[in-house]
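Working through the structure, step by step
Each chain, letter by letter, is given below.
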Amino acid sequence: MDLLDGMLAHEFMRNALLASTGIALAAGLAGYFLVLRGQVFAADALSHVAFTGGVAALAFGVSELFGLLVATVLAAVLLNSLSVASRAGDVEIGVFFALILGLGVLFISIYVSGHSTSNSTGGVGVLFGSVFGISAGQARTAVFVSVGAVLSLLVIARPLLFASVDSAAAAAQGIRVGVLGGAFLLVVAVVASEAVQVTGALLILGLMATPAAVARNLTTRPYAGMALSAGIALVATWSGLTLSYLVPTLPPSFAMMAVLFGLYLCSTGILNMQKERS
Amino acid sequence: MIDALNQLFAYQFMQNAFLAGTTAAVLAGIVGYFVVLRGEAFAGHTLAIVGFPGAAGAILFGLPQLLGLAVLCTASGLGIGVLGRGALRDRHAESAAIGTIQAFMLGLGFLFVSLYRGLLEGVYSILFGTFLGVTRAQVVLLVAIALVALAALALIGRPLLYLSVDEPAAAAAGVPVRALSVGFLVVLGLAIASTALITGALLVFALLVMPAAAANQLVARPGLAMLASVGLGLVIVWSGLTISYFTDLPIGFLVTGVGFVIYAAARMARQLSGA
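Notes on the structure in this doc start here. Values in this document were obtained by computation on a predicted structure and should not be read as measured data. Numbering of residues begins from 1 in every chain and follows the order in which that chain's sequence is written. As they are written, the chains are lettered A onward and the ligands numbered 1 onward, keeping that order. Where totals are concerned, whole chains, interfaces and linings use all residues; where local detail is concerned, this predicted model gives features only for residues with pLDDT of at least 70, and gives and counts side-chain atom pairs only at 80 or more. Where side-chain values are given, they derive from all heavy atoms of the structure, hydrogens and water being excluded.

Some thoughts on the interface of chain A and chain B
- Taken together, the contacts link 51 residues of chain A with 48 residues of chain B.
- Both faces combined, the contact of chain A with chain B buries some 4,200 Å², and carbon together with sulfur accounts for 77% of it.
- By the criterion of area lost to chain B, the three top residues of chain A are Val95, Phe128 and Phe254 of chain A, representing 13% of everything that side buries.
- Put simply, a salt bridge is a Lys or Arg side-chain nitrogen that is within 4 Å of an Asp or Glu carboxyl oxygen. For the pair chain A and chain B, the number of links is 0 salt bridges.
- A 3.5 Å cut-off defines polar contacts: any pair of N or O atoms within that distance qualifies, except that in protein one atom must be a possible hydrogen donor and the other a possible acceptor, and neighbouring residues in sequence count only when both atoms are side-chain atoms. Counting across the chain A and chain B interface gives 1 residue pair in polar contact (both at pLDDT 80 or more).
- Contributions of two or more residues to the side of chain A that touches chain B are made by helix H2 (11-36), helix H3 (40-60), helix H5 (90-114), helix H6 (122-128), helix H10 (204-218) and helix H12 (252-277) of chain A.
- Looking at the side of chain A that touches chain B element by element, the count peaks at 15 residues for H5 of chain A.
- In this classification, the charged set is Asp, Glu, Lys and Arg, the nonpolar set is Ala, Val, Leu, Ile, Met, Phe, Trp, Tyr, Cys and Pro, and all remaining amino acids, among them Gly, are polar. Among the residues forming the side of chain A that touches chain B, the class breakdown is 31 nonpolar, 14 polar and 6 charged. Here, residues are in contact when the closest pair of their heavy atoms is within 4.5 Å. Reported buried area values correspond to the accessible surface (1.4 Å probe) lost by two parts on association, with both partners' losses combined. Only DSSP runs of H or I reaching four residues or more are called helices, and only runs of E reaching two or more are called strands; each is numbered from the N terminus.

If you want it as structure tokens, here you go:
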């Protein structure tokens, strides 16, 4: 209790907890569908693009969230149309990723040369998160956006689930599979943009894919899996923030990834034990 | 022209950078050919990311950065190879697992960097490359690693090629499929470690995949394609280093930019000749 009081006494901690609560729920829920639909690599692509969008915003002095949103939404539209038109091989995707990251490097150098070197940590924040630097306004935005994302995901959950498991049957039932998939990727793009503050662009994948992987190890029931995935993301961000508060040398985003990785290992162990028993 | 060249090589750090870049481009060009042929670009991406905590950890503990890269990249190449692809339930679970490991490894690298106080700039150079501060000792180590990797590849090259083109036939002919695949992933780890020293952990594709993919568009014969891949890799790294030296643009951006232009040009050339 003392620990909680101590943590909540700091405004930066309250903002961090508030923002990461919303973002974790949205990311965990979106992640469940990503894994179910086999779109983990799409999320990986979005995170690379988010990095470049974020540092481009820093370099040109526009709002970071604006840069992130523009970049990820554009990428989501592009990914969606690409996957409909043709299945790009991993060489093409890899070449494209490398180019995007390379552009990000250019923007970092523009940003760094425009500032004194002591002030060049902004780019690192985009890469690995800056959860303790979230302002009250940013936290409010994060909560609004996350609530919106969670609600939209819940609204489309049922048809999306159907379309993800058996898209041909869903299409035969009159579900517009393509539109649904596009809408889903847009939600993922928005969530990814918000998640950059908490985990950083490079670690978004951890907050999205890992809770879902853990949930799928523990249950095969979809709705239980969704709830579990969101819950695990929440537990991981809270305990990451607490760990980082207790041990200041641990960066919060690393602490979250460590908790998630630990949970993943445990759940895989449980799954293997169940397999051996049956 | 001669003046510019003199200026370029006047400093030892630039000589070192060119030696290291050339070594990395040769190794990555040849290994990259097999990466593209075998469709293992994603394994390459994962190994490169694991290189980040390797490099950052080595710096933190006062070891040579290249050593940390090489140890972690080859170890995880071995790990991926031995654990195998079929070990997981399905492809979706596999991609989630890979994503989990990637995120954890990147987080771990960030931990090491932040524990190593005072050099936050180091994050950029480990992730996105630098040509400053390549030492003679690193060049020697790099050349040694490249020689070992190329010797190993020369040894397994022919059956590996056979295996990569037609796995069932190779298996039927008695080629040790599993051992070769694992062996290749270890060589891949070495190539990535060498490349990451110049391009940074996140941009190894600039030398590993872009030249090989471009070469693949232009020539079909394996030997020629490998040569073309090495040649294009050298063009990428030499022009990247030269432009970076004279303009101060970051090397990571230049190698990926030049690489992309070459790849796009190769694709267009192929389409034009096909039409």
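Comments concerning the packing of helix H2 (residues 12-38) of chain B against helix H11 (residues 210-218) of chain B
All names here are of chain B.
- Axis lines are fitted through C-alpha atoms, for helices just across the contact stretch, and the angle between N-to-C directions can take any value from 0 to 180 degrees. Their axes nearest at 8 Å, the elements H2 and H11 cross at an angle of 70°. Classified by the angle their axes make, H2 and H11 are roughly perpendicular. As for the relative orientation of H2 and H11, their crossing is right-handed in sense. From H2, Gly32, Tyr33 and Val36 reach across to H11, where they touch Ala212, Ala213 and Asn216.
- Considering only residue class, the contact of H2 with H11 consists of 4 nonpolar, 2 polar and no charged. Should an angle fall under 35 degrees it is taken as roughly parallel, and over 145 as roughly antiparallel, whereas 65 to 115 is taken as roughly perpendicular and any remaining angle as oblique. The hand of a helix crossing depends on one turn: near helix anticlockwise from the far one by less than a right angle means left-handed, and clockwise means right-handed.

Considering unusual backbone geometry
All names here are of chain B.
- Positive phi, normally seen in glycine, also occurs at Asp248, with a value near 70°.
- Relative to the helices and strands, Asp248 resides in the loop between helix H12 (222-247) and helix H13 (251-274).
- Classification of Asp248 as exposed rests on a relative accessible area of 68%. Only protein chains enter the accessibility calculation, which uses a 1.4 Å probe. A residue is then buried if its area is under 20% of the maximum for its type, exposed if over 50%, and partly exposed in between.

Details of the packing of helix H11 (residues 222-246) of chain A against H12 of chain A
All names here are of chain A.
- For the pair H11 and H12, the least separation of the axes is 8 Å and the interaxial angle reads 130°. It follows that H11 is oblique to H12 by the angle criterion. Taken as a pair, H11 and H12 cross one another with a handedness that is right-handed. In contact with Ile232, Ala236, Thr237, Ser239, Gly240, Leu241, Leu243 and Ser244 of H11, H12 contributes Pro252, Ala255, Met256, Val259, Leu260 and Leu263.
- Looking at the contact of H11 with H12, its residues break down into 10 nonpolar, 4 polar and no charged.

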